[in-house]
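# Examining the three-dimensional arrangement
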Amino acid sequence: MDCRRCPLESSLVPLRKAVASGKGWSLPRPRENGPPFITKSQIVTVLEQVAVLLELDGANRFRVISYQNGSRALASLDENLLDVILEGRLMEIKGIGKGIGGLVSEAVLEGTWGGLDELYQRVPAGLVEMIGIPGLGPKRAKILYDRLGIDTVDSLKGACEDGLIAPLTGFGKKSEQKYLEGIDLFRRYQGRSRMDIGLLYGKALEERMAIIPGVQKAKLAGSARRRRETIGDLDIVVGAKLERHEEIIQQILSQPGIAEVKGYGDSKISLILEQELLGSFAEGSVDAGLAESLSERNSGATIDAQVRIVEPWSFPFTLAYFTGSKEHNIRMRQAAIDRGLRLNEFGLFPAEEAGEKIGMAAAEHTLECKNESEIYKILGMEFVPPELREDRGEIEAATEGILPRLIEPKDLKGAFHNHTTASDGTANLGEMADGAIAMGWEYLGIADHSESLNIGGRQIGVSSDGLVEQGRKIREYNEKWADEKKDFRLFQGSECDIMADGSLDYPEHIRNSLTHVVGSVHALGSWLGRDELENTESLISAIEDPTFTILGHPTGRILQGREGFPVDLHAVLRRMGELNAEDELKAVEINASPYRLDLDWRFCKFAKQQGVPICINPDAHDVMGLKDVWFGAQIARKGWLEPADVLNTKTGIEMEELLGA
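Starting afresh in each chain, residues are numbered from 1 along the sequence in its written order. Totals for whole chains, interfaces and linings use every residue, but because this is a predicted model, local features are given only for residues with pLDDT of at least 70 and side-chain atom pairs only at 80 or more, for both listing and counting. With hydrogens and water set aside, each side-chain value is computed from the structure's full complement of heavy atoms.

### Regarding the packing of aromatic side chains
Here is the rule we go by: Centres within 6.5 Å are what make two rings of Phe, Tyr or Trp a pair, Trp counting through its six-membered ring; a difference in plane orientation under 30 degrees is then read as stacked, over 60 as edge-to-face, and the rest as tilted. Runs of H or I in DSSP of at least four residues are treated as helices and runs of E of at least two as strands, each being numbered from the N terminus. For every residue, the accessible area (1.4 Å probe, protein chains only) is compared with the maximum for its type, and the residue is labelled buried under 20%, exposed over 50%, or partly exposed between those bounds.
Overall, the coordinates contain 9 aromatic pairs when judged by the stated rule. Ring centres of Phe 416 and Phe 491 lie 5.8 Å apart, and the angle between their planes is 35°; this geometry places the pair in the tilted category. Of this pair, Phe 416 sits in the loop between α20 (394-400) and α21 (429-438) while Phe 491 sits in strand β13 (residues 489-497), and the two are 75 residues apart along the sequence. Residue Phe 416 is classed as buried on the basis of its relative accessible area, which comes to 1%. A relative accessible area of 1% places Phe 491 in the buried class. With a centroid separation of 5.4 Å and 20° between ring planes, the pair formed by Tyr 477 and Trp 481 is classed as stacked. Of this pair, Tyr 477 and Trp 481 are both found in helix α22 (residues 464-483), 4 residues apart, which corresponds to roughly one turn of the helix. Take Trp 481: its relative accessible area is 4%, and that puts it in the buried class.

### Regarding helix α9 (residues 153-161)
Just so we agree on the cut-off: By arc we mean the arc of the directions from the helix axis to the C-beta atoms, nothing more.
Buried within α9 we find Val 153, Leu 156, Ala 159 and Cys 160. End-on, the buried residues of α9 take up no more than an arc of 125°, which puts them together on one face. Facing away from the buried side of α9 by more than 90 degrees, the exposed set consists of Asp 154 and Glu 161.

### Topic: unusual backbone geometry
A negative phi angle characterises most non-glycine residues, just as the trans form characterises most peptide bonds. That bond from Gly 324 to Ser 325 is cis: its omega, -5°, falls within 30 degrees of zero. Positionally, Ser 325 belongs in the loop between α15 (315-323) and α16 (326-338). If you check the backbone angles, Lys 485 has positive phi at about 60° while not being a glycine. Along the chain, Lys 485 turns up in the loop between α22 and β13. In the Ramachandran plot, Asp 583 falls in the positive-phi region, its phi being about 65° despite a non-glycine side chain.

### Focus: the state of the cysteines
Test applied: We call a pair of cysteine sulfur atoms a disulfide whenever their separation is within 2.5 Å.
Summed over all chains, the structure comprises 0 disulfides. Counting only cysteine sulfurs, Cys 604 is the nearest neighbor of Cys 615, a cysteine outside any disulfide, at a range of 12 Å. In this structure Cys 615 comes out as buried when scored by relative accessible area, which is 0%.

### Considerations on the pattern of salt bridges
Inclusion rule: The rule for a salt bridge is simple: a side-chain nitrogen of Lys or Arg has to be within 4 Å of a carboxyl oxygen of Asp or Glu.
By the definition in use, this model includes 40 salt bridges. Between Asp 304 and Lys 262 there is a salt bridge; the shortest N-O distance is 2.9 Å. Of this pair, Asp 304 sits in strand β7 (residues 303-310) while Lys 262 sits in strand β5 (residues 258-264), and the two are 42 residues apart along the sequence. In this structure Lys 262 comes out as partly exposed when scored by relative accessible area, which is 45%. Between Glu 484 and Lys 480 there is a salt bridge, with the nearest N and O atoms lying 3.3 Å from each other.

### Focus: the sheet that holds strand β16 (residues 587-591)
Pairing between the strands of a sheet is mediated by backbone hydrogen bonds and can be parallel or antiparallel. Applied cut-off: Paired strands are those between which DSSP finds at least two bridges. In this analysis, two residues are considered to be in contact whenever any of their non-hydrogen atoms come within 4.5 Å of each other. To get an axis, a line is fitted to the C-alpha atoms, and for a helix only the part in contact is used. The angle between two axes follows their N-to-C directions and goes from 0 to 180 degrees.
Read from one edge to the other, the open sheet built from 6 strands follows the order β10-β13-β14-β15-β16-β17, with strand pairing classed as parallel. Looking along the sheet, the strands with just one partner apiece sit at the ends: β10 (443-449) and β17 (614-617). One ladder, built from 2 bridges, connects strand β14 (residues 516-520) with strand β15 (residues 550-551); its direction is parallel. Looking at β15, one finds that Gly 519 is bridged to Leu 551. Seen against the sheet, α21 touches β10 and β13 and runs at an angle of roughly 140° to β10. The sheet strands contacting α22 are β10 and β13, and the helix crosses β13 at an angle near 160°.

Listed below in structure tokens is the structure:
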């Protein structure tokens with residue numbers, strides 16, 4: 001389930017990055033060329049934020065609900081918002097009243113926000129920061145503020161430790177413990193960004209640096225280049241002749257999109273980047289296809305960055321060093337020592353010639369390496385892709401010449417976990433199919449939620465009768481494409497809830513009518529409260545069901561939002577491997593939503609070793625969401641996966657045969 005769209009997750013989850021800095025929220029800046037001056041996604045986020053701010057401010061509950069309803073209504077709108085406004089149809093949307101309709105129109109047509117600026121300034125930033133703590137919502141934050149004057153994360157932590165929360169009506173000892181655990185999670189993720197945010201800023205900064213006069217090379221390094229699921233400070237390595245360094249530094253300092261210069265010297269600049277930087281994406285760049293959707297998701301994000309400027313001859317060594325990881329670098333330095341060499345961030349040189357010299361002085365004796373590949377070659381290794389540089393066997397594999405040929409996003413020919421308006425998606429079958437065809441896919445698997453999923457008294461999942469009707473429509477589409485000789489088809493599956501006892505939603509005969517079943521845990525309350533053994537047994541029980549095909553988001557984690565439920569994934573994957581050996585197809589998903597990236601990359605190689613196919617699924621709830629497979633492919637690469645290890649690299653015809661469609 002995609003927490004950007006799904007009501008199962010608090011609307012605060014996507015907003016937690018914005019509050020982690022402690023600076024509160026701010027209204028997005030208008031686009032220069034409009035209308036629309038403000039995008040629909042930005043307005044959805046603002047309406048979510050206003051609802052929270054009003055609740056923190058003690059506003060009338062009905063007013064809060066009106067903004068929540070407005071946000072949900074716009075999130076589900078699958079038409080062009082500007083067209084709807086210009087055609088005078090905005091007020092016809094259920095959930096959009098006169099007041100919110102006027103605000104939305106003003107934002108889209110004029111780029112202004114009425115009187116909302118005053119509300120954003122009035123609510124203490126510390127309260128906004130507090131509701132970023134998992135388990136603490138605005139209603140309770142308001143109570144704590146009114147009764148105890150708690151208005152920061154630190155004051156909340158102190159109150160919990162002093163036992164001041166438990167005596168309050170409606171709280172208790174469990175609340176104190178929950179908040180302390182939530183603060184710990186909140187602190188651990190501060191200073192890091194999800195992969196999508198980090199790469200968006202990182203690639204934009206890389207492109208900015210590359211076009212500065214005098215710059216010969218510019219490359220993103222660090223955890224972003226290694227494709228970690230969360231990214232710390234950005235590192236950019238710039239290669240330029242020494243005599244150009246000063247003017248290049250001044251050019252960098254004058255770039256738009258720099259919120260603050262934290263410091264700079266002869267070869268290093270420390271910056272805080274803001275949204276304005278994102279306008280730098282060059283047309284046709286590698287990740288430009290993702291840029292629009294990503295920038296709309298993260299309109300208020302900032303990120304720290306360090307730019308390091310070195311001479312061109314030193315560039316490969318500096319890039320390798322600052323790509324890391326620390327553990328990989330240690331192994332590389334040892335490999336150099338074993339050959340009578342020394343390796344540092346500036347060069348690779350004979351130890352005897354360098355003597356007692358260190359740093360740049362020692363690197364004066366460096367061997368020439370035009371790129372990183374030549375560094376590895378001198379040390380007797382194949383080039384190690386950045387994603388693998390974690391000291392998890394890559395040094396040994398590179399030395400033996402047996403590194404994998406890592407999967408590329410272009411290897412994917414479809415995906416199996418996607419939603420439509422039949423459950424909680426915002427695009428219908430035809431629209432999702434058109435999006436998949438536009439991506440060059442041969443198939444798209446539909447997996448709307450099963451009927452037991454009920455949120456806030458509203459059924460999210462598809463009833464058995466609804467599933468039958470959906471199947472009829474899918475058959476009609478498939479027959480039409482077959483008649484047109486188009487190599488595309490839809491597979492009808494379901495994201496079936498895994499119950500606490502390991503049983504699956506829907507009667508068996510309904511599941512048997514589907515091409516695939518994505519089994520997922522959604523009622524996390526009971527799973528989070530149980531021990532690892534019980535959860536593991538329940539998951540294995542579900543997987544052993546003959547109708548079960550793919551394990552969806554295996555731990556239920558939300559990056560920077562909540563930990564996954566306790567489970568022994570090694571045991572689960574071992575059992576799946578046994579079932580595959582018996583010719584039962586049991587695959588595990590890499591949920592490619594950048595909010596999840598679950599299966600964790602650390603388990604990918606183990607799954608491969610057990611003979612368990614991986615399925616990279618976007619868990620798309622709209623057409624744009626299909627592109628999230630790109631992030632899943634990065635995790636698959638980091639997990640050592642080759643195309644043959646991934647189920648959805650198979651052709652449409654191969655999948656028809658495999659699924660018996």
